[in-house]
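# Commentary on secondary and tertiary structure
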Amino acid sequence: MSECFHYIFLKNEKAKPAKDFNDKIFLRGISLYEVIRVVSGRALFLESHFQRLTNSAACLEQNLWLSLNQIKESISNLIALNDSQNGNIKLVFHIDGENETFLAYFIQHYYPSEDQYKNGVRTLVHQADRPKPNAKVYNHSLRSTTNDLIKEAEIFEVLLLNSMGNITEGSRSNLFFIKNNELHTALDTDVLHGIIRSKVIEAAEELKIPIQKHSIQYDDLPSFEAAFLTGTSLQILPIKRINSISYSSSHEIIGRLSEVLRTKISEYLK
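Let us look at the packing of aromatic side chains. This structure, assessed with the given rule, holds ten aromatic pairs. Aromatic side chains Phe9 and Phe21 sit 5.1 Å apart centroid to centroid with 85° between the ring planes, which places their arrangement in the edge-to-face category. With a gap of twelve residues between them, Phe9 in strand β1 (residues 5–11) and Phe21 in the loop between β2 (14–17) and β3 (30–39) connect regions that are remote in the sequence. Residues Phe9 and Phe21 agree in their burial class; the two are buried. Centroid distance Phe177 to Tyr247: 6.4 Å. Interplanar angle 55°. Geometry classified as tilted. Residue Phe177 is found in strand β10 (residues 174–179), and its partner Tyr247 is found in the loop between β15 (245–246) and α6 (252–269); the two are separated by 70 residues along the sequence. A relative accessible area of 0% places Phe177 in the buried class. Site record: aromatic cluster; members linked through ring pairs are Phe9, Phe21, Phe26 and Tyr105. A cation over a ring is seen here: Lys90 above Phe26, with NZ or CZ 5.7 Å from the ring centre. The ring of Tyr33 is capped by Lys90, whose NZ or CZ atom sits 4.6 Å from the centre of that ring.

Shown next as structure tokens:
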């Protein structure tokens, strides 16, 4: 089943019917990508997403061939062509030798339910390393494996355990822990610099909540009081369990950070 959702996608800025979308393009070459949430026709934190695309390209010694304004125009066209004001849009810069392809299309989104925000979600640890964690690059093998685990174990997310024995991030999210009213998260060098992750760190600084960035060993997990995921679709989502370890989903710090993040989103969309 194609991940291209709705009726029309853009290929090199030209409109194409969804039936012509070919997912096999991702099996070869390099695919730099971003998933952007659209709210009331606005691409949320687009400038930050573009900066991360640029950083991902630099990590792989590649260059983007479209400007921020050109991407803005593509997103506006895609929204109008599909008559869809809300959802998730995926942008892909695909490089296969001398061939360069830009794709923009809606993907099927899933936003957590009110119950999941209130009670948290179940997660599972899986051993995996991202070769270049700071670059957002499509990894077909890892994505297939984690998707299968999520489906088979009936969990929300897979948390990655690297070869050094450190818990780093989720397969499609970033990860934070809380202990003694401090935030704990992995080193910047070990994870993708999530857009919402950066907003949460900003919020913590504004609230004067101390942040500890360090390697988090698997054996450290029981010592934390609470944990949460962050991401484009998730925003801030409490974790109620990692493997068999339970956490508080109603920690005061989660509520305070969520409130500040909602304000940041509202201000951006004004």
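Next comes the rest of the write-up.
Here the focus is the environment of Asp190. Turning to its location among the elements, Asp190 is positioned in the loop between β11 (182–185) and α5 (195–206). The class of Asp190 is partly exposed, set by a relative accessible area of 24%. When the C-alpha atoms of Asp190 and Ser215 are compared, they prove to be 8.7 Å apart, with 25 residues separating the residues in sequence. In this structure Asp190 touches Pro133, Thr168, Glu169 and Ser215, once residues within four positions along its chain are discounted.

The next point concerns empty space enclosed by the protein. Under the counting rule described, the total for this entry stands at one cavity of 30 Å³ or more. Space inside the largest cavity adds up to approximately 40 Å³. Considered class by class, the residues forming the lining of the largest cavity number four nonpolar, two polar and one charged.

Viewed as axis vectors pointing N to C, α5 and α6 meet at an angle of 115°, and their least axial separation amounts to 9 Å. Considered as vectors, α5 and α6 are oriented roughly perpendicular to each other. Both α5 and α6 take part in a crossing whose hand is right-handed. Of the residues in α6, those in contact with Ile196, Lys199, Val200, Glu202, Ala203, Ala204 and Glu206 of α5 are Leu257, Val260, Leu261 and Lys264.

The next thing to look at is the pairing of strand β14 (residues 235–242). Buried residues dominate β14, accounting for six of its eight residues. Note that strand β7 (residues 121–127) and β14 share three bridges and pair parallel. When the bridges of β14 are listed, Arg122 appears paired with Arg241. Note that strand β13 (residues 226–231) and β14 share four bridges and pair antiparallel.

Thresholds, definitions, all that
- Residues numbered from 1 in each chain as written.
- Predicted model: local features only at pLDDT ≥ 70, side-chain atom pairs only at ≥ 80, totals over all residues.
- Heavy atoms only, no water.
- Phe/Tyr/Trp six-rings, centres within 6.5 Å; stacked < 30°, edge-to-face > 60°.
- Helix = DSSP H or I, 4+ residues; strand = E, 2+ residues; numbered from the N terminus.
- Buried < 20%, exposed > 50% of the residue type's maximum accessible area, 1.4 Å probe, protein only.
- Lys NZ or Arg CZ within 6 Å of the ring centre and 35° of its normal.
- Contact = heavy atoms within 4.5 Å.
- 1 Å grid on protein atoms, 1.4 Å probe; cavity = no way out; pocket = protein on both sides within 12 Å on 5 of 7 lines; lining within 4 Å.
- Points joined across faces, edges and corners; volume = space filled by probe spheres on them.
- Nonpolar A, V, L, I, M, F, W, Y, C, P; charged D, E, K, R; others polar.
- Axes fitted to C-alpha atoms, helices over the stretch in contact; angles between N-to-C directions.
- Parallel < 35°, antiparallel > 145°, perpendicular 65-115°, else oblique.
- Left-handed = near helix turned anticlockwise from the far one by under 90°.
- Pairing = 2+ DSSP bridges.

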